[in-house]
Structures are given as C-alpha cells and as structure tokens.
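# Analysis of the macromolecular model
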Amino acid sequence: MNRFQRIKDILIGLFMILFAVALFLAPEDSYVIIATILGVMLTVYGFKMLWFYFTMARHMVGGKSVLFQAIVVLDLGLFTGSLAYMNSFIIIIYLLSIFAFAGFVDILRAVEAIRFKGSWKARLFMGATSVVFAIALLIIGIIHHDRNILVYGFCINLVYTGLVRIITSLRKTAIVYIQ
Amino acid sequence: MNSDFHYYATYCAAILAGYSHEESQDIAYSDRFVDQCTVTVLKKLKAPAAAATTQLPLEMMEVRTDIVGLQDITRIWSSFHFLPRDLNSDPEKRCSKRYRNKYRLICGPNGELLKSTVELAHGKSIQAVGLAMHILSDTWAHTFFAGTPSMVINNMTNRCFEILPDGTERRITFRHSALTPDDLDNSIYTSSIYVNYENSIMNLGHGRIGHLPDYSFIKYKFMPSWGGYEEIIKDNPSDYMHAFCQMITAMKYLRGEYDSFECGKYDFDAIKGLEDEIVAIINKRQLSSADDWKALGEKLSGHEIEPYDIEKYKNEYLNAAKGDKDNTALGRFILAALAQKSMVTSKIFQTGSKLAGYSVDYQQKGFKGVKAYRKLTENDKEADDE
C-alpha cells in the first residue's frame, strides 16, 4: 500500500466514524440519508462494474454477463435512491435483510469451521447475534414503532468498518530484497 | 501436485540426482512442508509469520480481500505454487495495465523465474533445495493458472472433458463438497464455487477446476477465462514425467554436478531402465500414488523411507537457543522461504505491478518494511564478512 492509499483509507475510515456519530445524534431524519447513501453506493457500484467490464472482463470468456449485471445494479441504485422520499418501511426491510444475511453467512462459516476443526465459537456467536439482532429490530421497529434502534445498529456497523479500514491502512507491507 | 509426488517422487528424484538417503529424506520433507507451512503452524513455532508458504482454507476465509490481503495471498501463492512463467508477456489483444498485470502471473514451466528460483537455492541448505523442487514441480502441474485471486484469469467455462487413454472424451462434473473424495470412475470432481467477484478467494489458482492439475494420470481439456475462447489440452502424464526429470537436472546442478542450470533440459538418461515403472506409476488411475512412489524410492536407495511427519523437526526448532534457530532444519527452511518470497515479490514489483506488494532494494535504500525480512539482511552481512 503506498502513502496515498494509506492516507485515503484513513480519511475514509475517519469519515465513516464521524458520519456514524452524526447519525447517532440525530436518528429521526436518518432514513432519508441512509436510503440516499444506499442509492449512491449501488449507483457507484454499478459504475465500478462497468469500469471492471471495460478494463478487465471484456477480455474474459463469458465476460458480457458482467456488463449486463452492471446495468442491472446501476438501475437498482437509481431505484433505491428514488425510494428515499417515499417509503421508509422498504428501507428498513432492506437493511434488516442485509444484516440477517450477513449473520447467516457467519453461521454457515462457523459450521464449516467445525468440520475443519478450526476456531468457530466467536464466528458462531457473531452470526447468531446478528440474526437475533435483526429479528429483534424487526419486532421493535414494526410492532413497537421504534425505528431508531435500526439506525443505531447501522451506526455500530459503520464504526466497525471505519476502524478496520484505519487499522488495515497502518499495516506494514513492504518486503526487503537483496540483490 | 499431490503430497505423494511432493514427498516420495521428490525423494526418488533426489536419489537419482546423487543425494544420500538422509539428504533425500530432508529434501522430500522440505518439499512436502511447503504445502503445510501456514501462519498457524509458524505461530505455534513462534517463528516469523512472513515465512508462510501456504494458507489453510480457514485462514483464507479470514483474509480480507483488500489490497493488503490480496498482496499477502499473491506473495504466497505466486512465490511457491504458481510461479509466473513470463513477467513480461502481453495478451494478444490490447488491454488495460490492470488486466496485463494479472495475465503476467499465469504459471508455467521453464520461465526465467524458475531459473532464478533454482539458482537462489544454489549453495544454500538442503531445505532450500526441497523448497525449490516444490516450486519447480508445481510449475508443471499448475500451468495455465495464476497465484492470485482473479475471475478473469482463473475462471473457466463448465465444459470440461477428460480424455481417456483410448482417446474417448468424458464430460467432467464438478461439485462443491470439500469433504467428499473425487469420484474417478465417473469423473466427478470437487471444485471451488463460482463467485462473480474478481478478487474472490474462490478464484485463486486452480480452485475452479478442482484437483485435476494435481493428478498425474489425467489428461483433460477445458476453456480458461483468459484463453480467448480456445480450448486447452492439459496432458498431466507428460508434464509429470518432465517435472520429474527436470527435478533431477536441477538437483544435479545444486549438488555441483553441472555448472549452470538451464531451463528446458530434462535428465531422461538418469531414469534409463526405470521408464516403464515411472510411466506406470504416473498413469495409474488413483487418488494417491504414495505407495507406488515409496516402493520405487526404497528400491532405488535400499533404505526404508520414513512416512512424512510434520512434527519431525518441531522440537529441534523450539528447543534451540534464539541465536541458533536459523541453524535448525526449520530455521533453514524459513530462511529459504523468506528469500524466495523476497525474490519473487521483487521481480513482480520491478515490472510495475503491485499485486504482490512492495519491494525495497536493500543495497540502495537500506532496510524498510516487514521486520521478519531483516533476517535476510543479517545473513547477507554474515556472507559478506566471510
């Protein structure tokens, strides 16, 4: 990782943490912000896939499928962005689905780790917690009409991702070579 | 290649190259250990993790495929299992630098890096010889795949056929159950799952085609992602025979019998009278040829070959004083691994690619970066003093 990449990653990490703090302090209006961010992220991802197609996948056997996927993701990004001012319920379901799915994947990995006799407890705990957390959020959010907790969950995830990005950018990477 | 070839076949080649039984066992041990020297193993030994020569599936599951994680993976797999054939090659059609950098990591035999690898082991320890032999034989088995996660290079279409000895073709079925053994009778093999993400660990090396490159008996045809819709025929029996004879040539050079190591030279003379036996072992349709290679090795040396035991040198290393660790078998292996990784990373870096990470020329800029590599500079100083 060169110096520019390190500085860029640290700044992105800090921005994520600051944004999480801002959302935490004002959760009421945050659905619009989150939906907008999701829309922007998907749109950016769509453009990234297009870039990937033109720089890499077009040389690959069957690479056209990447082009079609890029168009679909781009379309989905624009659609999500347009939801921001329409229906917060869809955004909640969307976020919960992502959260629960991530937990489910962790549980599957833990089961695989058990098979390979590796360390599985922490992963299983994290996966199970995520799934339970998502279900709890659904109950609280829909039945008790308290959606702020979902925002808090989103904030915690954002802080974690930001911290990991900063820590990764500080790792040493160069290798010495003797002629 | 499977453990049978990396242990018993290497032993046979070492004996044929003129090494003693004990030396051949150590060479075979080091060759086999390349597939086991993970960060987990090194941490248990309290040895530098930077010397890892492979990664466990579980370790890879934990690796983040950000730029640092990708560089870690590429350093390990390109240096020890998928040595690039030509770091200056270009695809037929005009392409981006990003694509070209990955394309250049495609593994193959008889490249410049192979020559550098064998020469790096010259005058070094027996463990360095074993490590070099692992890399050499893998250049034959792992041809056409790259030691970096890449969908655009390592993926393939699902139309893959086994070419049977009578010339007929049988369609290969891939499944994704890691714990189920391959079904040779029905050509059902385990492979990694398709993941539509360039840097997914599922797209590392030959994962998408399963263990087909690791079986000596199989001949198959497939269509790799990078090949421009052309089918490639991989003839493992022929490749394994070349790998075996090239190992003999390389080890004769490392023993001092030849003045230089030249790519493309195979010591077929050394196996005169044994050709039929070796061809029979290579062509035998079985999951492991360990028993057959072992029997041949024992016939050649007249000694019983110890079964491979990963713990063999563990206590020697753990009990050695801090200053003496580099003089133990594992210490010498670690030094050889660091030197190889450093050399390959540097060569890739010199082509303008940062896929394997950054390399600092010690002679010009002094020591920078990962601490574990300081060992190399210390050894270099000692060599200068001597």
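Residues numbered from 1 in each chain as written. Chains lettered and ligands numbered in written order. Predicted model: local features only at pLDDT ≥ 70, side-chain atom pairs only at ≥ 80, totals over all residues.

Each helix and strand in chain A was counted, giving 6 helices and 1 strand. For chain A, the residues scored as buried account for 25% of the 179 residues in total. Taking the contacts inside chain A whose residues are at least 6 apart along the sequence as the reference set, 69% of them involve residues at least 24 apart. (Helix = DSSP H or I, 4+ residues; strand = E, 2+ residues; numbered from the N terminus. Buried ≥ 20, exposed ≤ 12 C-beta atoms within 10 Å, placed from the backbone. Contact = placed C-beta atoms within 7 Å.)

Moving on to the overall build of chain B. Broken down by element type, chain B carries 16 helices and 7 strands. A compact globule built from 386 residues should have a C-alpha radius of gyration of about 21 Å, and chain B, at 20 Å, falls within 12% of that. On the principal axes, the C-alpha backbone points of chain B span a range of 60 × 55 × 40 Å. Across the 386 residues of chain B, 48% fall into the buried class. Considering only intrachain contacts with a sequence separation of at least 6, the fraction spanning at least 24 residues in chain B is 64%. (Rg over C-alpha atoms; globule rule 2.2 N^0.38 Å.)

Quick look at the pairing of strand β5 (residues 219–222) of chain B now. Two faces make up the sheet, and in a regular strand the side chains alternate between them. Residue and element names in this part refer to chain B. When strand β1 (residues 161–163) meets β5, the two strands line up antiparallel, connected through 2 bridges. Residue pairing in the sheet places F161 in a bridge with K221 of β5. Where β5 lies against strand β6 (residues 232–235), 4 bridges are found, and the strand directions are antiparallel. Each bridged residue has a counterpart across the sheet, and for Y220 the counterpart in β6 is K234. (Pairing = 2+ DSSP bridges.)

This part is about the sheet that holds β1(B). Consider a sheet: its strands pair through backbone hydrogen bonds, and that pairing is either parallel or antiparallel. Residues and elements named next belong to chain B. Taking strand neighbours across the sheet as the criterion, the 4 strands line up as β2-β1-β5-β6 in an open arrangement whose pairing is antiparallel. Taken across any chain shown, the strands that pair with only one partner, and hence form the sheet edges, are β2 (169–171) and β6. Averaged over neighbouring strand pairs, the angle between their axes works out to 25 degrees when direction is ignored. Here β1 runs beside β2; their pairing, made up of 3 bridges, is antiparallel. Across the sheet, the residue bridging to E162 is R170, located in β2. Sitting on the sheet, helix α10 (residues 236–255) touches β5 and β6, and the angle it makes with β6 is about 50 degrees. (Axes fitted to C-alpha atoms, helices over the stretch in contact; angles between N-to-C directions.)

For the rest of this paragraph, the subject is the nonpolar core. One broad trend across soluble globular proteins is that nonpolar side chains are buried collectively. All names here are of chain B. Residues A13, A132, A250 and M251 are the most contacted members of the largest nonpolar core, which totals 109 residues. Counting residues per element, this core draws most heavily on helix α14 (residues 329–350), at 13 residues. Apart from residues no more than four positions distant in its own chain, A250 is found in contact with V118, A132, M133, L136 and F261. (Core = buried A, V, L, I, M, F, W, Y, C linked by C-beta atoms within 7 Å.)

With that out of the way, let us pick up helix α7 (residues 112–121) of chain B. All names here are of chain B. Every buried residue of α7 is accounted for by L113, L114, T117, V118 and A121. For α7, the buried positions fall inside an angular range of 135 degrees around the axis, keeping them on one side. Buried positions along α7 lie against α8 (126–141), α10 and α14. Directly beyond the C-terminal end of α7, a positive phi value near 75 degrees is found at G123. (Arc of directions from axis to C-beta.)

Turning to the packing of helix α5 (residues 121–143) of chain A against helix α6 (residues 148–169) of chain A, a few remarks are in order. Residues and elements named next belong to chain A. Two numbers describe how α5 lies on α6: the axes approach to 8 Å, and their chain directions differ by 150 degrees. What the angle tells us is that α5 and α6 run roughly antiparallel. Contacts between α5 and α6 involve F133, L137, I140 and G141 on the former and, on the latter, I149, L150 and G153. (Parallel < 35°, antiparallel > 145°, perpendicular 65-115°, else oblique.)

Time to look at the confidence of the model for chain A. Per-residue pLDDT for chain A has a mean of 79; in total, 84% of the residues score no lower than 70. The least confident element of chain A is strand β1 (residues 175–177) of chain A, whose mean pLDDT is 55; the most confident is helix α3 (residues 64–83) of chain A, at 88. (pLDDT = per-residue confidence, 0-100.)

Now for unusual backbone geometry. Residue and element names in this part refer to chain B. Even without being a glycine, N110 presents a positive backbone phi close to 60 degrees. With respect to the secondary-structure elements, N110 resides in the loop between α6 (97–103) and α7. At S187, a residue that is not glycine, the phi angle is positive and equals roughly 55 degrees. You can call S187 partly exposed: it has 19 C-beta atoms within 10 Å.

Attention shifts here to the packing of helix α1 (residues 3–17) of chain B against helix α2 (residues 21–33) of chain B. Axis angle and axis distance: for two packed helices, these are the angle between their axes and the distance between the axes, and together they describe the pair. All names here are of chain B. At a closest axis distance of 8 Å, the pairing of α1 and α2 adopts a crossing angle of 150 degrees. By the criterion of interaxial angle, the relationship of α1 to α2 is roughly antiparallel. Like other packed secondary-structure pairs, α1 and α2 cross with a definite hand, here right-handed. Packed against α1, whose contacting residues are S3, H6, Y7, Y8, T10, Y11, A14 and I15, the element α2 presents E23, S24, Q25, I27, A28, D31 and R32 at the interface. Within the contact of α1 with α2, the residues separate by chemical class into 7 nonpolar, 5 polar and 3 charged. (Left-handed = near helix turned anticlockwise from the far one by under 90°. Nonpolar A, V, L, I, M, F, W, Y, C, P; charged D, E, K, R; others polar.)

A word on helix α5 (residues 67–80) of chain B. Residue and element names in this part refer to chain B. Given a rise of 1.5 Å per residue, 14 residues ought to cover 20 Å, and the 20 Å separating the end C-alpha atoms of α5 matches this to within 8%. Listing the buried residues of α5 in full gives L70, Q71, D72, I73, T74, R75, I76, W77, S78, S79 and F80. Elements that come into contact with the buried residues of α5 comprise α8 and α14. (Expected span 1.5 Å × (residues − 1).)

The next thing to look at is the environment of Y7(B). All names here are of chain B. Secondary-structure assignment places Y7 in helix α1. We classify Y7 as buried; it has 26 C-beta atoms within 10 Å. Note: C-alpha distance between Y7 and R85 (78 residues apart in sequence) is 24 Å.

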